[in-house]
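Residue-level structure breakdown
Take a look at the letters that make up each chain.
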Amino acid sequence: MAVTQEAFPPRKRRPSAGSFISPKLSDRNLVQSLYLLSQEISSMKPLQFLHKRNSLSHIRKSKLLSILFEELLRNPNLVLLPSATLCFEEMHVVLQRIKTLIEDYCNCSKMWLLVQNQIVANSFHELTMELSTLLDIFPVKELDLSDDIEELVVLIRKQSLNNKTYVDPSDDELRRGVFGLLDSIKSEIVPEQSKLAEIFGKLGLRDASSCREEIENLEEEVQNQSQSGENLKSEVIALIGLVRYAKCVLFGASTPEPDCKNRKPPSETVIPPDFRCPISLDLMRDPVVVATGQTYDRESIKLWIDSGHNTCPKTGQTLAHTDLVSNFALKNLIAMWCRQQKIPFEATGCKLKVNGVRTNKTALEATRMTVTFLINKLLGLESMEVANGVVYELRVLAKTNSDSRACIAEAGAVPLLVRFLGSDVSLKYPNLQVNAVTTLLNLSILEENKTRIMETDGAINGIIEVLRTGVSWEARGNAAATIFSLTGVQSHRKKLGRKTRVIKGLMELARDGSTSSKRDALAAILNLAGERETVGRLVDGGVMQMIIGLMDVLQEETVIILESVVKRGGVVAIAAAYNAVKKLGKVLRDGSERAQESAAATLVTICRKGGLELVVEFASIPGIERAIWDLMATGTMRSKRKASTLLRILRRWSAGLDVMDGNTTTMGSSRMIALQS
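So, here's what we can say about the structure. Only a predicted model underlies this, so the values are computations on that prediction, with no experimental measurement involved. (Residues numbered from 1 in each chain as written. Predicted model: local features only at pLDDT ≥ 70, side-chain atom pairs only at ≥ 80, totals over all residues. Heavy atoms only, no water.)

1. Here we look at the overall build of the chain
- The secondary structure content of the chain amounts to 33 helices and three strands.
- Looking at the chain as a whole, 56% of its 677 residues qualify as buried.
- Counting only contacts in the chain whose residues sit at least 6 apart along the sequence, the fraction spanning at least 24 positions is 73%.
- As presented, the chain carries roughly 29300 Å² of accessible surface, and 50% of it is formed by carbon and sulfur atoms. (Helix = DSSP H or I, 4+ residues; strand = E, 2+ residues; numbered from the N terminus. Buried < 20%, exposed > 50% of the residue type's maximum accessible area, 1.4 Å probe, protein only. Contact = heavy atoms within 4.5 Å. Areas by Shrake-Rupley, 256 points an atom, 1.4 Å probe, with all protein chains shown as cover.)

2. Comments concerning the side chain of T367
- With respect to the helices, strands and loops of the structure, T367 is situated in helix α13 (residues 361-379).
- Residue classification places T367 among the buried residues on the basis of a relative accessible area of 12%.
- The contacts of T367, once residues within four sequence positions are left out, are L397, S404 and C407.

3. Topic: a positive patch on the surface
- There is a patch of like positive charges on the surface, built from R532, K567, R608, K609 and R648.
- With respect to the secondary-structure elements, R648 resides in helix α32 (residues 637-654). (Patch = residues over 30% accessible without salt bridge, like charges linked within 9 Å, V, L, I, M, F, W, Y side chains within 5 Å. Salt bridge = Lys/Arg side-chain N within 4 Å of Asp/Glu carboxyl O. Lys, Arg positive; Asp, Glu negative; His and termini not counted. Charge placed at Lys NZ, Arg CZ, Asp CG, Glu CD.)

4. Comments concerning the nonpolar core
- Counting residues in each nonpolar core, the largest one holds 103 residues, and the members touching the most others are I525, V543, L588 and F618.
- The element that contributes the greatest number of residues to this core is helix α27 (residues 555-576), accounting for eight residues.
- Counting residues in hydrophobic clusters, the runner-up holds 76 residues, among them L68, L113, L114 and V243. (Core = buried A, V, L, I, M, F, W, Y, C linked by side-chain atoms within 4.5 Å.)

5. Looking at unusual backbone geometry
- Within the chain, H51 stands out as a residue other than glycine whose phi angle is a positive 60°.
- Along the chain, H51 falls in the loop between α1 (27-42) and α2 (52-73).
- Look at H51 and you get buried, because its relative accessible area is 4%.
- For E188, which is not a glycine, the phi torsion comes out positive at approximately 65°.
- Looking at the secondary structure, you find E188 in the loop between α7 (169-186) and α8 (193-202).

6. Examining the pattern of salt bridges
- All chains considered together, the criterion is met by 27 salt bridges.
- R537 serves as the salt-bridge partner of E533, at 3.8 Å between the closest nitrogen and oxygen. Here E533 and its partner R537 are both found in helix α25 (residues 532-540), four residues apart, which amounts to about one turn of the helix.
- Note on E533: relative accessible area 36%, which makes it partly exposed.
- According to the relative accessible area criterion, R537 is partly exposed, its value standing at 32%.
- The partner of K583 in a salt bridge is D552, and the shortest N-O contact between them spans 3.2 Å. Pair noted here: K583 is in helix α28 (residues 581-590) and D552 is in the loop between α26 (543-550) and α27, with a separation of 31 residues, a long-range link.
- With relative accessibility at 56%, the residue D552 sits in the exposed group.
- Look at the salt bridges and you will find they share partners, linking E188, K361, E365 and R368 into a network.

7. Quick word on the sheet that holds strand β3 (residues 325-326)
- Spatially, three strands are ordered β2-β1-β3 in an open sheet, and the strand pairing comes out antiparallel. Of all strands in the sheet, those bounded by a partner on one side alone are β2 (295-297) and β3.
- Contacts between helix α11 (residues 298-306) and the sheet are confined to β1 (287-289), β2 and β3, with β2 contributing the most and set at about 95° to the helix. (Pairing = 2+ DSSP bridges. Axes fitted to C-alpha atoms, helices over the stretch in contact; angles between N-to-C directions.)

8. Side note on the packing of helix α29 (residues 593-609) against α32
- The interhelical angle for the contact between α29 and α32, taken along N-to-C directions, is 35°, at an axis separation of 9 Å. Handedness of the crossing formed by α29 with α32: left-handed. In contact with E593, Q596, E597, A600, A601, L603, V604, C607 and R608 of α29, α32 contributes R638, S639, K642, T645, L646 and I649.
- Across the contact of α29 with α32, the residue classes break down as seven nonpolar, three polar and five charged. (Left-handed = near helix turned anticlockwise from the far one by under 90°. Nonpolar A, V, L, I, M, F, W, Y, C, P; charged D, E, K, R; others polar.)

9. Quick notes on the packing of aromatic side chains
- Enumeration according to the criterion identifies four aromatic pairs in this entry.
- Residues F275 and W337 carry aromatic rings whose centres are separated by 6.0 Å and whose planes lie at 70° to one another, so their mutual orientation is edge-to-face. Of the two residues, F275 sits in the loop between α10 (230-251) and β1 while W337 sits in helix α12 (residues 328-341), which places them 62 residues apart along the sequence.
- Judged by its relative accessible area of 11%, F275 is buried.
- Judged by relative accessible area, which is 11%, W337 ranks as buried. (Phe/Tyr/Trp six-rings, centres within 6.5 Å; stacked < 30°, edge-to-face > 60°.)

10. A look at α13
- Here α13 spans 27 Å end to end across 19 residues, near enough to the 27 Å set by a 1.5 Å rise per residue.
- The complete set of buried residues in α13 reads T362, A363, L364, E365, A366, T367, M369, T370, V371, L374, I375 and L378. (Expected span 1.5 Å × (residues − 1).)

11. Looking at the environment of H321
- Relative to the assigned elements, H321 resides in the loop between α11 and β3.
- Put simply, H321 and N310 are eleven residues apart on the chain and 8.5 Å apart in space, counted from C-alpha to C-alpha.
- Reaching out from H321, the side chain makes a polar contact with the backbone nitrogen of D323 at a distance of 3.1 Å. (Polar contact = N/O pair within 3.5 Å; in protein donor to acceptor, adjacent residues only side chain to side chain.)

12. Here's the deal with the side chain of N401
- By the element assignment, N401 lies in the loop between α14 (384-400) and α15 (402-410).
- Note on N401: relative accessible area 10%, which makes it buried.
- At 3.2 Å, the side chain of N401 forms a polar contact with the backbone nitrogen of D403.
- In terms of polar contacts, N401 uses its side chain to reach the backbone amide nitrogen of S404, at 2.8 Å.

13. Let's talk about helix α19 (residues 447-455)
- For α19, every residue scored as buried is listed here: N449, K450, I453 and M454. All buried residues of α19 fall inside an arc of 140° around its axis, so they share one side.
- On the buried face of α19, the contacting elements are α15, α16 (413-418), α18 (430-444), α20 (459-469), α21 (473-486) and α22 (490-497). (Arc of directions from axis to C-beta.)

14. Let's talk about the environment of K518
- With respect to the secondary-structure elements, K518 resides in helix α24 (residues 515-528).
- Distance from K518 to L506, taken between C-alpha atoms, is 8.6 Å for residues twelve residues apart in sequence.
- When near neighbours in sequence (up to four residues on either side) are disregarded, K518 contacts L509, A510, R511, D512, G513, L550 and L554.
- A polar atom in the side chain of K518 sits 3.1 Å from the backbone oxygen of A510.

Structure representation (C-alpha cells):
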C-alpha cells in the first residue's frame, strides 16, 4: 500500500489551555456551565460524510444530559455533595473534549479523517467510555431527582456502557479506494476518471471550490503535524497531489471564487516584504544573516556562495567571511505569521523542499499527471476563458515547490505562457496576462528555469512589454519581480542590463507604480546595479533623480540602491548624487538601522571621491556631527565604522586638510562658508 493506517497518528489540534482543566466554580455556576456546554454540543451538526454515527451519538447524549442539568438548576437552593461536585467537574472536562473533537473533525480534511478512520473511531469511543465511568459513580439518589430524570441518567449510562468502537464498513471501503488511487499514481498509472468521481463524490468533494478547501485543510494538517516524522508529512503531500489532480480532471481548471472562505489560499497570500528572501522572492524558511548584516534564506544564499560569488547580493559589498548566522528572531516572527495565515511552515533541511516535506514518488507523479493534463489543455486551446483557468492552476502549482516548477517547465509551459503576455490579450482578458506573468515569476525561482526563460523566443520581450504597458500594477510589478529573479544569474544580469527598455520600464514603474510594484522595480534595479557597465545606463536613465524622489517613501530600498550606484558608477554617478547629500544626512538622523548603514557608506564614498564641493554640502547639514556621534554609539558594527570615517573626514576638512590623501591645502574659505551656512 502507498499509505498505511499506522502512518497517520491523531490530529494535533491545539485547544485553549482551559478546555481540559476542571473548573473551580460554585455549585450553581458549575451546573450552569455544564448546561450551557451540553446545549452547545446539542446544537452542533454531526459529521456529514464520515463518522456521522459516532458524532451523532455524542450529540444525542449531550442533549439528554442537558435535561439533567436543567432539572438541577430549577432548585433555587442547589447544593452539591463533594462526590457530585467532583463528578461534575470531571464531566465538564469530558464534554469540553467532545465539543473540541467534533469541532476539529468538522473543520479538518476529509481525506485526513478517512485515512485515520480507525483512530478517529477510537477517539469517539474513548470519550464514551470516560462518560460511562463518570455516570457509574454519579450519585443519583443523593441529588433528589425526579423519577423521570433518574431513568434518563440510567438510560444514558446503559447507552454509554454498551457502546463499542464503530467503523462504518462503507468508510473502510472508501479508505481502501483512496489507497488504491495513491498506489496507481505511485506506479505511474493514471487513475480512472470514473473511480475518481465516485470516491470524491462520497467524500463530498463535488466541485472545484470544495477541492480547494480540501487542499487548504491538508496543507494545514502538515503544519499541525510539525512534530511528526517526515514520512507522515510526505504522505499528506501525496494526498494534496491527488486532490489537486482530481480537481483539475473532474471539475476543470478554474480560478477561485472571489469570496471563497473570505480569504486567499495560502499559495496566493501576500507575503510581507521582510519575510521574503531577496534572492528567491519566496517566503524564508530558515533566515540567516551574512557578514554584511543582510538576511537571506539559507538555501538561497548558500547556493549563491557555492556558485562562486563573494559579494552580498543585496548591497554588492564583498563578504568578509561566508559564515551564516541563524536569525531566530525573524524565524519566529515568520512562523507566527504562517500560523495566522494557515500556511505550512518548517525549516528546510538538506533534503527538504519549500513546504518542509521530503519529496516522495507518489506526490511527484501526481504533480506530473496534473501538469500533463493542464499543458494538454493549453495545447488544445478551447477558449481564452479556459486558458485563464489553466494558467491560474499552473500559477498556483508553480508556487508550491521546486519539483512542481521543474515539472511545469520540462513539460514545455514557458513558450505557451509567453503567448498570453501581449497587450492584445490583456485588453480582453486582463486576468490572463496577470496569471501568465506571475506563473513565469514563480517558475523563475528555480535556477534551471531562469535559463529556460531567457532562451525562450519572445519571453524577455513579452516580460518587458508587461513591465511597461501591463494591464495592472500587479502585472507590471510581477514582471519587474521576474526580471529581479532572472538577474540572480550574472550572465542574465549583464544581458538584461544592456536592454534600454528594461531600464526605462523599471524606472517608470518605480516612479509611478503602486507601493508594492515600486518595491519590485527597485529590487530589480538594485540587482542590475551590481554590474558596472549597467550603472552608467542607470545614471543616464535618471536613476539618481528617481531615488531622490522616492527616498522619503521607500527609504531603505532607495538608499541601498544609491550606495551601489555611487560605489560602481564612478565620477559621473558621484556628481549626480549631489542633490541626495542632504537627504542622506536626514537618513543618518532618523532612518532605520539598515538605511543608516547604507547612508553612511554612501556618504563616505561621496566625500572621498566627490571633491570639496560635496564635502562642503555634507558639512553644511545642520546637526550632522551630532547625528554621526549618535550613529557611532547605537548603529551596527558597519555603521559605526562608516560613521567614524565620516567624523574623520569632517575634522580633516575643518582643519583644512585634504580628505583623500591628508595633504594640507588652503580650504579655509570653503570651510568658513560652510560653517556660516
